[in-house]
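The residues making up each chain are set out below.
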Amino acid sequence: MMDTTLDLPVLPLAQPEPPTTPTNATHTVYVETYGCQMNVNDSEIVLGVLNTNGYAPVDSADDADVILLNTCAIRDNAERKIHERLKALDHLRNGKRQRVVGVLGCMAERLRSSMLDTGLVDIVVGPDEYRKVPELVEAALHGSHGIAVKLSRVETYDDIVPLRTEGIAAWVSIMRGCDKFCTFCVVPFTRGRERSRPLQSIVDECKGLWDSGFREVSLLGQNVNSYVDEASNYDFADLLEACARAVPQLRIRYTTSHPQDMSDKLIDTMAAYDNICKYIHLPVQSGSDRILQLMNRTYSVDHYMKRIERIREAMPLCALSTDIIAGFCTETEEDHQATLDVMRAVKYDGAYMFAYSPRENTKAWKMGDDVPDEVKQRRLQEIIALQNDVSRELNAAETGRLHSVLVEGPSKRNSAEWKGRTDTNKTVIWQHVADDGGVGDYVVGDVVQVRITRSTSATLFGSLEV
Ligand code: 5AD
Ligand code: SF4
């Protein structure tokens with residue numbers, strides 16, 4: 001999962017309709033999102049709830065009556081960043097205009113009333129209490145601080161229409177919570193028990209998204225392999241197939257899979273449908289069986305490698321990415337080398353790489369944090385350097401290949417160049433405005449054919465083929 005800061009809302013690129021401003025809008029709201037994609041979709045859910053209650057979204061804190069930070073608690077530095085941001089926002093909160101500052105998400109759930117004690121926030125709302133945001137905001141606008149952090153066994157926000165403001169790719173949460181209890185992870189504590197949305201409502205959401213101009217969906221869950229439609233017993237592979245059949249031109253992605261539960265049925269379903277993207281995020285975390293056991297990951301390196309083999313048999317060009325933690329408790333140099341070996345053996349297209357950060361109340365917290373910081377950092381740098389080499393090598397091998405690319409719009413650096421993504425989730429850039437001033441005959445949301453001509457470790461470059 002990405003650990004990037006995403007500021008919402010972002011200007012829509014072209015297609016889907018811009019967010020509606022309720023005619024009776026009395027207040028403006030700005031939501032800033034940290035952490036994983038699930039949080040991005042949660043922010044859209046919160047904006048959806050607030051929008052139907054008369055709040056109009058704006059795209060900067062300066063313009064907002066209500067400023068909400070949707071937070072991440074996965075590592076200590078994520079929380080530190082949010083504390084800093086709250087301090088930076090305090091001048092707005094104490095300015096002439098009356099404003100409410102709120103903390104949502106995993107950090108709200110973890111730190112609860114101590115967030116109010118910082119004196120920097122007015123409301124604190126955990127991931128299962130977003131229906132209460134309007135009433136808490138309303139009370140805060142009248143001067144009372146509020147907190148709602150109960151976790152639920154049933155809440156899925158299935159009936160809430162998220163207020164989506166970005167591009168042509170939509171996030172769709174299919175389940176919430178996690179029951180895996182990896183020993184290093186706070187998510188089972190901050191997001192509670194696993195629960196799934198009904199299959200039909202997810203299929204209907206995908207259809208609706210296509211009709212309103214979206215061309216790609218990412219089905220989200222902390223561990224999608226545990227998805228189950230309670231009424232019918234349909235599993236995640238069934239859901240994927242139902243979505244792929246219902247909207248045959250919609251590109252469908254998903255994240256995140258747990259290696260223990262990556263079934264043959266799921267792999268074969270992916271292989272059977274052209275509109276299911278050939279890209280799998282399969283976090284390995286470590287290449288040492290001893291460390292995997294301490295992490296309670298419930299699989300061995302051998303099992304993991306056999307899953308990779310099975311994926312490659314079924315889909316030879318399927319891209320793979322992973323998450324890796326450097327310096328988990330008791331990790332030796334030999335364990336670290338084993339992680340590098342797995343990376344060399346798999347050759348991931350991409351990786352999210354982290355230094356281990358002990359989290360209070362997790363099982364690993366009690367195991368101690370005995371790998372010195374400088375050793376963790378050195379190992380992390382070795383992991384990152386290896387991954388850069390592998391990404392560069394794999395991308396170089398793309399030269400000459402033809403990709404179907406979903407057009408996203410102008411690239412950030414140069415508006416004469418446009419960008420999009422391959423089925424395998426790689427960013428591609430091509431010349432949109434020709435030397436004679438002519439422009440390509442396509443719009444955002446179309447799929448074009450691009451022949452790759454060169455690459456870096458992060459990006460492919462190519463030319464359009466007509
Ligand atoms: N320290 C470092 N990385 C962590 N992750 C989860 N918890 C921790 C932690 N305590 C990483 C894992 C997970 C990703 C979302 O974040 O690699 O897959
Ligand atoms: Fe955390 Fe493990 Fe659940 Fe992923 S599967 S959210 S790492 S507990």
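Scoring rules and cut-offs
- Residues numbered from 1 in each chain as written.
- Chains lettered and ligands numbered in written order.
- Predicted model: local features only at pLDDT ≥ 70, side-chain atom pairs only at ≥ 80, totals over all residues.
- Heavy atoms only, no water.
- Helix = DSSP H or I, 4+ residues; strand = E, 2+ residues; numbered from the N terminus.
- Polar contact = N/O pair within 3.5 Å; in protein donor to acceptor, adjacent residues only side chain to side chain.
- Contact = heavy atoms within 4.5 Å.
- Core = buried A, V, L, I, M, F, W, Y, C linked by side-chain atoms within 4.5 Å.
- Buried < 20%, exposed > 50% of the residue type's maximum accessible area, 1.4 Å probe, protein only.
- Domains from an automatic or database assignment.
- Pairing = 2+ DSSP bridges.
- Axes fitted to C-alpha atoms, helices over the stretch in contact; angles between N-to-C directions.
- Near = heavy atom within 4 Å.
- Areas by Shrake-Rupley, 256 points an atom, 1.4 Å probe, with all protein chains shown as cover.
- Nonpolar A, V, L, I, M, F, W, Y, C, P; charged D, E, K, R; others polar.
- Salt bridge = Lys/Arg side-chain N within 4 Å of Asp/Glu carboxyl O.

(A) Here's a closer look at the side chain of Q387. For Q387, the location among the structural elements is in helix α14 (residues 373-396). Reaching out from Q387, the side chain makes a polar contact with the backbone oxygen of Y348 at a distance of 2.9 Å. With sequence-adjacent residues up to four places away left out, Q387 is seen in contact with M343, Y348, D349, G350, A351 and M353.

(B) Summary view of the nonpolar core. Ranked by size, the top nonpolar core spans 69 residues in total, and within it I174, L219, F236, Y254 and I280 carry the most contacts. Sorting elements by how many residues they give to this core places helix α8 (residues 236-246) first, with six residues. For I280, the residues in contact, after removing those within four places along its chain, are Y254, M262, M270, I311, M315, C318, A319, L320 and S321. By size, the runner-up hydrophobic cluster in this structure holds 26 residues, among which are A64, C72, L89 and L116.

(C) Examining the domain arrangement of the chain more closely. If you check the domain split of the chain, you get domain 1 (27-148), domain 2 (169-396) and domain 3 (402-464). If you average the C-alpha positions of domain 1 and of domain 3, the two centres end up 37 Å apart.

(D) A look at the sheet that holds strand β14 (residues 319-326). As summarised here, the arrangement of the three strands in space is β13-β14-β15, forming an open sheet in which the pairing is parallel. In this open sheet, the two edge strands, each paired with only one partner strand, are β13 (279-281) and β15 (350-355). Going across the sheet, the axis of each strand differs from the next one's by a mean of 10 degrees, ignoring polarity. Direction of pairing for β14 relative to β15: parallel, over a ladder of six bridges. Paired with I324 across the bridge in β15 is M353.

(E) The arrangement of the site of ligand 1 in detail. Surrounding ligand 1, one finds twelve residues, the nearest of these being R75, F184, Q285, D323 and S357. Interatomic distance of 3.1 Å between a side-chain N/O atom of R75 and an oxygen atom of ligand 1. One of the backbone nitrogen or oxygen atoms of F184 is found 3.0 Å away from a nitrogen atom of ligand 1. Protein burial of ligand 1: of its 400 Å² of free accessible surface, 95% is covered by the chains. Looking at the shell around ligand 1, the elements with two or more residues in it are β14 and β15. For the shell around ligand 1, the residue count by class is seven nonpolar, two polar and three charged.

(F) Region of the structure containing the site of ligand 2. Every residue lining ligand 2 is accounted for by C178, K180, F181, C182, F184, C185, V187, P188, Q222 and R297. Residues that form the shell around ligand 2 fall into these classes: seven nonpolar, one polar and two charged.

(G) Examining the pattern of salt bridges more closely. This structure, assessed with the given rule, holds 47 salt bridges. Residue R245 pairs with E241 through a salt bridge whose shortest N-O separation is 3.5 Å. Of this pair, R245 and E241 both sit in helix α8, four residues apart, roughly one helical turn. Exposure remark for R245: the relative accessible area of 57% places this residue in the exposed category. Residue E241 is classed as partly exposed on the basis of its relative accessible area, which comes to 26%.

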